[in-house]
Structure formats: structure tokens, C-alpha cells
Amino acid sequence: MGSSEAQQKAKEMIEELVSDSNSQNASGGPGRGTFGDEKSDSSQPVTFTVENGLVGRIIGKGGAKIRELEESTGARIKVNKGDYQGEVVLMGSSEAQQKAKEMIEELVSDSNSQNASGGPGRGTYGDEKSDSSQPVTFTVENGLVGRIIGKGGAKIRELEESTGARIKINKGDYEGEVVLLGSSEAQQKAKEMIEELVSDSNSQNGPGRGGHFGGGYRGGGNGGGYRGGGNEVGYRGKEDGGETTSSCWSAAELKNSTVVPTLFVMDWKNLRDNKEKFQELKWKDVPPLKKNFYTVAESVSILSAEEVIEWRKENNNIFVDDLLEGGEKRPFPNPCRTFLEAFKPFPEIMENIDRVGFEKPTPIQV
């Protein structure tokens, strides 16, 4: 906005400012701030994913690490953090992209090695290893997801390190989805360890809460599941066709729990038709309320109309009238010329008025 000369001058100053900033960031090497398209010898962008927990390690404090990677490789690096994984985009020449990818993989691998104490880490890129089988998926109750993940992700890392499988958990509204990636052996081992972990949790919570995973954690078949039937006793299941005896509730209590109570229906028509009656019942035991506490003093009641008009004229020329249109005018009380005329029946009020030194009511008070 502004004149053409002002706009042009502002544009030149901003371009000069950004150019200086790019020179400082580059320190002689390739900088972070390029404008328009990348260099003409750039290849197609290379994209891969990392865990969100590793994004900060790639960026570094205040962006220091990502600038170091760009300066060392000549590639342009962008990192977009998603809900569960971060997307890394490499731009530049093929050589620069390859070098940047290798350095990032080494950086993240060092991080995983520290977390895993020598075992397989959590951070893989893009697709899983070439010897991976199809993902194995099953569900668990949401209440058991935290037990699988562990405090700060410690348990899920332990499971991955012990089995060599990649474990992902997506928490839904009612159930969590567990996805196992890796070789068939790793997937099977991870599945068995998770089943054992959840089974131990169910044993601690009480008998009959959890079955096996065969048909999913809610499943039937031989698993019995939390809601299922089968040969094993589920918390609500059957045992060989008969009622289960593992419940802590008696048969009568269980039967009563299935009885739907009769709902009370409000008769709104009756309430509306008998509104006045119910109002009367509501207030019948309440003592009567006294709203008018004003008692006209004798000296005020004997004032004539002429005296009232004269007094109002002498006190700011007060004019009093009823603004009601039509009908008979409503009478106005005569003015109280002193506080005593208004509050003589209330000595405690007069005591406060005298204490603060009020001598005469204002025109609006009378």
C-alpha cells in the first residue's frame, strides 16, 4: 500500500534484508533461504518418514542441526511434523540428496542405538525392510493400550527390541488397533508377547476379563474374549452352554440388572393447566412479605399543596408530573424536607446519618 515509489523502495529494502540473512545463514556454503525454484540441476524431491520423536534431533536446537546438514551436503531439507510421523523432504542434486539421506539415517540410527542399548531401534524409513511380511493387525481395549506402550514408550520399545518387529498402535474411540510390521517370525513373537502382557493385566484385574486374540480382542471362537463366548469363560460369556459362575454378582442381582426401570413421564399439560394452583402451593407456607417500610410523618402529611409547590420551587425548582398517558393522574407523596421526617421510625438509620454528618436531603432524595 502507498505510492508506487514507496512500494518499490520497500520491496528493494526487503529483498536486500533477506539477501543479507541468506548470506549469514550459508556461512559460505549452501543456505537455507532460496527463492523461487531450486537450482536448475536439482533432481526430483526425495521423501521419507521418521518418527515424530526423532524430528527434533534432525532439526536441532534453534534449527542448528538442519542448517549443519544442509551446509555439509548441499541439499535443501524440509521436515513436516504430522500426527504420528514426520515427513522429510530432500531437494537438490542426486548426490546432495543421497548424502543428506545417509547423514540423517546415521543421525537417527545413533539415536536409536542409544535408546535400544544395542538392540533394534524404533526409527525406520519409508517402507519396511524387504524381508518384511504383510502387516499383522488386531485390536485391544483402549484401557490396555497404555500397558502395551508403557511409561514414555518404554514398554513398546522393549517389545520391539526383543522381537525385531515394528509395532504401531492407533487408539480409537473404543478399541486400539495394533499393527505389527517386520518378518513373520518377528511378528509372531511380538504378537505372543503382547498377548502374554495383556493376559497378565487381565489376571490382575480379576477372573474372566480377557480372552485370547484369535478372532480379535472382542472375538469369539476359542478365545472367549471380553464380550465373547466359547470354551473359555469370558466375563459375560457361557461355559459349556451354562451360565458362568465366575461373576462376583449373585444370580438374582444379575437378573435384576437386565430389568429396564419404568421411566417417569412428565405431564406438561397438567402442569400448564394447574399453574396457578401449583404457584399457590409453592408459596402457601411462606410468611407474608412487607415491601413498604415508609411511614408518612405527621409534619409531612399536613403540608398543603401550595406549601409543597413553594418548597419544590425553592429547592432547584423541582417539577413533578405523572407521565402516564390517559386516565387519572396518580398522586405523589409530599416531600420529606429533613432526614428525620423520613427515618424517624428507624433510629439506627438516623444514627448513621448523624454520624457521617448529612444535614439535608438532596432534591432527588426527597
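Residues numbered from 1 in each chain as written. Predicted model: local features only at pLDDT ≥ 70, side-chain atom pairs only at ≥ 80, totals over all residues. Heavy atoms only, no water.

Participant: What exactly am I supposed to notice about the packing of helix H5 (residues 142-149) against helix H6 (residues 154-163) here?
Facilitator: Packed helix pairs are characterised by how far apart their axes lie and by the angle those axes make with each other. The contact between H5 and H6 brings their axes to 5 Å, and the two run at 65 degrees. Residues Arg147, Ile148 and Ile149 of H5 form the contact with H6, whose participating residues are Ala154, Lys155, Ile156 and Leu159. Class assignment of the residues belonging to the contact of H5 with H6 gives a composition of five nonpolar, no polar and two charged. (Axes fitted to C-alpha atoms, helices over the stretch in contact; angles between N-to-C directions. Helix = DSSP H or I, 4+ residues; strand = E, 2+ residues; numbered from the N terminus. Contact = heavy atoms within 4.5 Å. Nonpolar A, V, L, I, M, F, W, Y, C, P; charged D, E, K, R; others polar.)

Participant: I keep staring at the packing of aromatic side chains and nothing clicks. Help me out?
Facilitator: Two numbers describe a pair of aromatic rings. These are the distance of the centres and the angle of the planes. For the structure shown, the criterion picks out one aromatic pair. Here the aromatic rings of Phe339 and Phe358 are separated by 6.5 Å at their centres, their planes lie at 35 degrees, and the arrangement is tilted. Of this pair, Phe339 sits in helix H13 (residues 339-343) while Phe358 is found in the segment after helix H14 (347-356), placing the two residues 19 residues apart along the sequence. In this structure, Lys101 packs its charged tip against the face of Phe48, placed 5.3 Å from the ring centre. Across the ring face of Phe138, the terminal group of Lys191 is positioned such that the distance to the ring centre comes to 5.8 Å. (Phe/Tyr/Trp six-rings, centres within 6.5 Å; stacked < 30°, edge-to-face > 60°. Lys NZ or Arg CZ within 6 Å of the ring centre and 35° of its normal.)

Participant: Help me understand the packing of helix H2 (residues 52-59) against helix H3 (residues 64-73), please; the structure alone is not making it clear to me.
Facilitator: Look at H2 against H3: their axes get within 5 Å of each other, and the N-to-C directions meet at 65 degrees. The residues of H3 that touch H2, namely those facing Arg57, Ile58 and Ile59, are Ala64, Lys65, Ile66 and Leu69. Tallied by class, the residues present in the contact of H2 with H3 amount to five nonpolar, no polar and two charged.

Participant: Sorry if this is basic, but what is going on with the sheet that holds strand S1 (residues 46-51) here?
Facilitator: The strands that make up a sheet pair up through hydrogen bonds in the backbone, lying either parallel or antiparallel. One open sheet holds the three strands; their spatial order is S1-S3-S2, and the pairing between them is antiparallel. Across the chains shown, the open sheet's two edge strands, defined by having one partner strand only, are S1 and strand S2 (76-81). If you compare each strand with its neighbour and ignore which way they point, the axes differ by 25 degrees on average. Of the strand pairs in this sheet, S1 and strand S3 (residues 85-91) are connected by six bridges, and their pairing is antiparallel. Bridging across to S3, Glu51 finds its partner in Gln85. The strands touched by H2 are S1, S2 and S3; relative to S1, the strand with the most contacts, the crossing angle is about 115 degrees. (Pairing = 2+ DSSP bridges.)

The analysis is restricted to geometry; functional conclusions fall outside its scope.
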